[in-house]
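The residues making up each chain are set out below.
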Amino acid sequence: MRRELEDRSIDCPYCGETIDLLLDHSVPAQSYVEDCQVCCRPINISYSIEPSGEILLRTTTDSE
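How each quantity is defined
Residues numbered from 1 in each chain as written. Predicted model: local features only at pLDDT ≥ 70, side-chain atom pairs only at ≥ 80, totals over all residues. Heavy atoms only, no water. Core = buried A, V, L, I, M, F, W, Y, C linked by side-chain atoms within 4.5 Å. Buried < 20%, exposed > 50% of the residue type's maximum accessible area, 1.4 Å probe, protein only. Helix = DSSP H or I, 4+ residues; strand = E, 2+ residues; numbered from the N terminus. Contact = heavy atoms within 4.5 Å. Pairing = 2+ DSSP bridges. Axes fitted to C-alpha atoms, helices over the stretch in contact; angles between N-to-C directions.

J.: Sorry, what's going on with the nonpolar core here?
T.: Soluble globular proteins tend to pack their nonpolar side chains together in the buried interior. Residues Ile10, Cys12, Ile19, Leu21, Leu23, Cys36, Ile43, Ile45, Tyr47, Ile49 and Ile55 constitute the largest nonpolar core, which totals eleven residues. Every element with two or more residues in this core is listed here: strand E2 (18-24) and strand E4 (42-49). It is E4 that provides the largest number of residues to this core, a total of four residues. Those residues in contact with Ile45 that sit more than four places away from it in its chain are Leu21, Gln30, Ser31, Tyr32, Glu34, Leu57, Arg58 and Thr59.

Below, the structure is given as C-alpha cells:
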C-alpha cells in the first residue's frame with residue numbers, strides 16, 4: 001500500500017536550517033509558498049511525482 005503523505009527535510013535557502021515538509025502523493029504536481037519554520041522567510045516549493053514514483057522537488061527564493 002502506497003502512502004499518500006511523505007515527510008521530507010530540506011535546507012532553507014535563506015538561513016540554511018533544516019525544515020520539514022509534508023508532500024501529498026495524491027497530487028501529481030504542486031507549487032506553493034511555505035514560510036521557513038526558523039527565519040520565517042517565504043520559500044517557493046514545487047514538486048512533481050514521476051511515473052516511476054520518484055519525487056522531483058525544487059525550492060527557490062523570491063529573488064531566484
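Don't stop here, the text continues.
J.: Would you mind showing me how to read the sheet that holds strand E3 (residues 29-35) here?
T.: Sheet strands pair by backbone hydrogen bonding; their relative direction is either parallel or antiparallel. Taken in spatial order, the three strands line up as E3-E4-E5 in an open sheet, and their pairing is antiparallel. Edge positions in the open sheet fall to E3 and strand E5 (55-60), since each of these has one partner strand only. The sheet shows a mean angle of 20° between the axes of neighbouring strands, direction not considered. As paired elements, E3 and E4 share seven bridges and run antiparallel to each other. Residue Ala29 lies in a different strand from E4, and its bridge partner there is Ser48.

J.: It is not clear to me how unusual backbone geometry should be interpreted in this structure. Could you clarify?
T.: With the exception of glycine, most residues fall at negative phi, and the peptide bonds are largely trans. Here Cys40, not a glycine, exhibits a phi torsion of approximately 70°, which is positive. With respect to the secondary-structure elements, Cys40 resides in the loop between E3 and E4.

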